[in-house]
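The residues making up each chain are set out below.
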Amino acid sequence: MGTGRTVVVFGAYGHTGRFVVAELLERGFVPVLAGRDPEKLGALAASHPGLDARRASVDDPASLDRALAGADAVINCAGPFAATAAPVIEAALRGGVPYVDVAAEIEAIVDTFAHFADRARAAGAAVVPAMAFYGGLADLLVTAAMDEWTGADEVHVAYGLDSWHPTYGTRAAGAVSRQRRDGRRVRYARGRLEYRDDEPPAHKWVFPDPMGARDVIGEFTMADVVTIPSHVSVPEVRTYMTVEAARDVASPDTPAPVAADEHGRSAQSFVVDVVVRSGVRERRAAAYGRDIYAVTAPLAVEAVHRILTGRTRTAGVASAGEIFDAPDFLTALAPHITVDLDRTDAAELRPDPRRAIGVPGAE
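A brief report on the enclosed structure follows.

What counts, and at which threshold
Along each chain, numbering runs from 1 in the same order as the chain's sequence is written. Reporting in this predicted model follows two pLDDT cut-offs: at least 70 for local features of residues, and 80 or more for side-chain atom pairs to be given and counted; totals over whole chains, interfaces and linings ignore these cut-offs and use all residues. Calculated side-chain values reflect all of the structure's heavy atoms, with hydrogen atoms and water omitted. Put simply, DSSP marks the helices as runs of H or I at least four residues long and the strands as runs of E at least two long, and each gets a number from the N terminus on. Atoms counted for the radius of gyration: C-alpha only. Globule rule: 2.2 Å times residue count to the power 0.38. Exposure classes here rest on a 1.4 Å probe applied to the protein chains alone. A residue is buried below 20% of its type maximum, exposed above 50%, and partly exposed in between. A contact between two residues is defined here by any heavy atoms of the two lying within 4.5 Å. His is not counted, nor are the chain ends, whereas Lys and Arg count as positive and Asp and Glu as negative. By convention, the point assigned to a charge is CZ for Arg, NZ for Lys, CD for Glu and CG for Asp. Note on method: axes are straight lines fitted to C-alpha atoms, helices fitted across the in-contact stretch only, with angles between N-to-C directions ranging 0 to 180 degrees. Relative orientations are named as follows: roughly parallel for angles under 35 degrees, roughly antiparallel for angles over 145 degrees, roughly perpendicular for angles from 65 to 115 degrees, and oblique for any other angle. For any helix crossing, the convention is left-handed if the near helix is rotated counterclockwise from the far helix by under a right angle, and right-handed if that rotation is clockwise. Only buried residues count toward a nonpolar core, which is a set of Ala, Val, Leu, Ile, Met, Phe, Trp, Tyr and Cys residues joined through side-chain atoms within 4.5 Å. The rule for a salt bridge is simple: a side-chain nitrogen of Lys or Arg has to be within 4 Å of a carboxyl oxygen of Asp or Glu. Working definition: rings of Phe, Tyr and Trp (its six-membered ring) pair if their centres are within 6.5 Å, and the pair is stacked with planes under 30 degrees apart, edge-to-face with planes over 60 apart, and tilted otherwise. We call two strands paired when DSSP finds no fewer than two bridges between them. Only Asp, Glu, Lys and Arg are considered charged in this grouping, and only Ala, Val, Leu, Ile, Met, Phe, Trp, Tyr, Cys and Pro are considered nonpolar; every other residue, Gly among them, is considered polar. Orient the strands so they point away from the viewer, and a crossover whose first-strand-to-second-strand path over the helix runs clockwise is right-handed.

**So, the overall build of the protein chain**
Looking only at helices and strands, the protein chain has 13 helices and 16 strands in total. Scaling as 2.2 N^0.38, a compact globule of 363 residues should have a C-alpha radius of gyration of about 21 Å, and the protein chain matches this with 20 Å. Once the C-alpha set of the protein chain is aligned to its principal axes, its extents read approximately 60 × 45 × 40 Å. Of all 363 residues assigned to the protein chain, the portion counted as buried reaches 55%. Sequence separation of 24 or more characterises 71% of the internal contacts of the protein chain that already satisfy a separation of 6 or more. Separation between the mean location of the 38 positive side-chain charges and that of the 49 negative ones in the protein chain comes to 2 Å.

**Some details on the packing of helix 1 (residues 15-26) against helix 10 (residues 296-308)**
The geometry of a pair of packed helices is captured by two quantities: the angle between their axes and the separation between those axes. Two elements in contact, helix 1 and helix 10, have axes whose closest approach is 8 Å; the angle formed by their N-to-C orientations is 55°. On the basis of their axis angle, the class for helix 1 and helix 10 is oblique. In terms of crossing hand, the pair formed by helix 1 and helix 10 is right-handed. For the pair helix 1 and helix 10, contact is made by Thr-16, Phe-19, Val-20, Glu-23 and Leu-24 and by Thr-296, Ala-297, Pro-298 and Val-301, respectively.

**Thoughts on the environment of Ala-250**
Tracing the chain through its elements places Ala-250 in helix 9 (residues 243-250). Given a relative accessible area of 61%, Ala-250 falls into the exposed group. Residues Ala-250 and Pro-166, 84 residues apart in the sequence, show an inter-C-alpha distance of 9.2 Å.

**A closer look at the nonpolar core**
Of all hydrophobic cores here, the largest spans 110 residues; its most connected members are Met-131, Phe-133, Leu-137, Tyr-159, Leu-161 and Trp-164. The element that contributes the greatest number of residues to this core is helix 6 (residues 133-146), accounting for 10 residues. With residues near it in sequence (within four places) discarded, Phe-133 still touches Ala-138, Tyr-159, Leu-161, Phe-270, Val-272, Ile-292, Val-295, Thr-296 and Leu-299. The next biggest cluster of nonpolar side chains, apart from the first, holds 9 residues, and it includes Met-211, Val-216, Tyr-240 and Ala-286.

**Structural notes on the pattern of salt bridges**
Applying the stated criterion to the full structure yields 29 salt bridges. Notably, a salt bridge pairs Asp-198 with Arg-196, separated by 2.8 Å at the nearest N-O pair. Taken together, the shared-partner salt bridges connect Arg-185, Arg-187, Arg-190, Arg-192, Glu-194, Arg-196, Asp-198, Glu-219, Glu-236 and Arg-238 into one network.

**With respect to the side chain of Thr-84**
Locating Thr-84 in the fold gives a position in helix 4 (residues 81-95). Classification of Thr-84 as buried rests on a relative accessible area of 6%. With near-sequence residues (within four places) excluded, Thr-84 lies in contact with Phe-10, Val-58, Asn-76 and Ala-78.

**Focus: the packing of aromatic side chains**
Using the criterion set out here, one finds 8 aromatic pairs in the structure. Seen in terms of ring centroids, Phe-324 and Phe-329 are 5.2 Å apart; in terms of plane orientation they differ by 40°. Their pairing is tilted. Given the relative accessible area of 0%, Phe-329 is considered buried. Members of the aromatic cluster, connected to one another through ring pairs, are Phe-133, Tyr-134, Tyr-159, Trp-164 and Phe-270.

**Things to note about the sheet that holds strand 1 (residues 6-10)**
The 7 strands are arranged 3-2-1-4-5-6-15 in an open sheet whose pairing can be described as parallel. The open sheet has two free edges, formed respectively by strand 3 (53-55) and strand 15 (316-317), since each of these has just one partner strand. In this sheet, strand 15 lies alongside strand 6 (residues 126-128) in parallel orientation, the contact comprising 2 bridges. Its bridge partner lying in strand 15, Ala-126 is registered against Gly-316. Against the sheet, helix 1 engages strand 1, strand 2 (30-35) and strand 4 (73-76), with an angle of about 170° to strand 1.

**Considering the packing of helix 4 against helix 5 (residues 106-123)**
Where helix 4 contacts helix 5, the two axes come as close as 10 Å, and the packing angle between them is 15°. With respect to their mutual orientation, helix 4 and helix 5 come out roughly parallel. The chirality of how helix 4 crosses helix 5 is right-handed. Residues Phe-81, Ala-82, Ala-85, Ala-86, Ile-89, Glu-90 and Leu-93 of helix 4 pack against Ala-108, Thr-112, Phe-116, Arg-119 and Ala-120 of helix 5. Split by residue class, the contact of helix 4 with helix 5 holds 9 nonpolar, 1 polar and 2 charged.

**Some details on unusual backbone geometry**
Asp-209 connects to Pro-210 through a cis peptide bond whose omega is 10°. Of note, Pro-210 is situated in the loop between strand 10 (202-206) and strand 11 (213-218). Along the chain, Ala-334 connects to Pro-335 via a cis peptide bond; the corresponding omega equals 5°. The residue Pro-335 is located in the loop between helix 12 (326-332) and strand 16 (337-342) in this model. You will see that Glu-219, though not glycine, has its phi angle at about 55°, which is positive.

**Structural notes on the pairing of strand 4**
Of the two faces of strand 4, the one carrying Ala-73 and Ile-75 and the one carrying Val-74 and Asn-76 are both buried. Direction of pairing for strand 4 relative to strand 5 (residues 99-101): parallel, over a ladder of 3 bridges. Looking across to strand 5, one finds that Val-74 is bridged to Tyr-99. Once you follow strand 4 into helix 4 and on to strand 5, the crossover reads as right-handed.

**Quick word on the pairing of strand 10**
Across the two faces of strand 10 the burial differs, with His-203 and Trp-205 buried and Ala-202, Lys-204 and Val-206 not buried at all. Bridging between strand 10 and strand 11 involves 5 bridges; their strand directions are antiparallel. Residue pairing for strand 11: Trp-205 is matched across the bridge by Arg-214. Where strand 10 hands over to strand 11, the hairpin turn is made up of 6 residues, of which Gly-212 adopts a positive phi near 70°.

In structure tokens form, the structure reads like this:
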């Protein structure tokens, strides 16, 4: 439990931020509501009597310092993270508090590792980017599946979403990423990020039951191509997305998520299916749950809890799989997420995943 420790939630009134505030309260933390919009901040504070609300803006360092004053940690839920991550990390380093964010923007996460690794390590500070459904969850699954392996030849992460109703923040972050890439798509191959102008490949992926075989967009690249290689020696990290979800997020007409239960979660369900291969050996892991935005909250809050209770493996800028005990962390996510872990090392017990996804030369 949070034992009354104070956690600033920057962007608390956003869609994901509200889930994070609720999760903090549920676990005994004291959230501090922070953000730059005074009307939205005031409305959220009115629904949570007794919680402190502090207006802060990324272009006003003093306001960020005031927002973090007296806090034990900060969770940044305010995108686009290309604009917010660096200023909030700077404030966290000045204030001597750990930083966690829920970024899914590939370039913003790369910037965090590039610009703050040395300073955060020297300060003994914990800076954990992408502690969310995209980035953090697959990194934990891959790390848990690998167990004693120190490297792999390839990692595949397949997202089986039955739908994807994007939030305003998702659309805004996506627009910033597309602008930074000049409209190109990105993949991680041969140990580096590559930017390409061609169309992504189409495949079929055989998800665990009950989803089964689905059409997927290959090289639908997510934050995992930064988080996983940041601590795993692997030259190929490929991510895939079910076609229906990819169409949803690409369409300007797809509405935002709508609450379908008393907790505010949407009806959207998911499975994240991970395959790690080293030579002829194969290991797999899968996670099942509901509402990709809602499950980000327990991921981020569990991260803060572990940092504040000293259950970390390193300091500095680190992804989830590097800084935390991955199997133990995944176990702690129940009942929000159900995990199926397979470390059999017996490739012959399952079809070669490259055949399932149509990788040339796998026959």
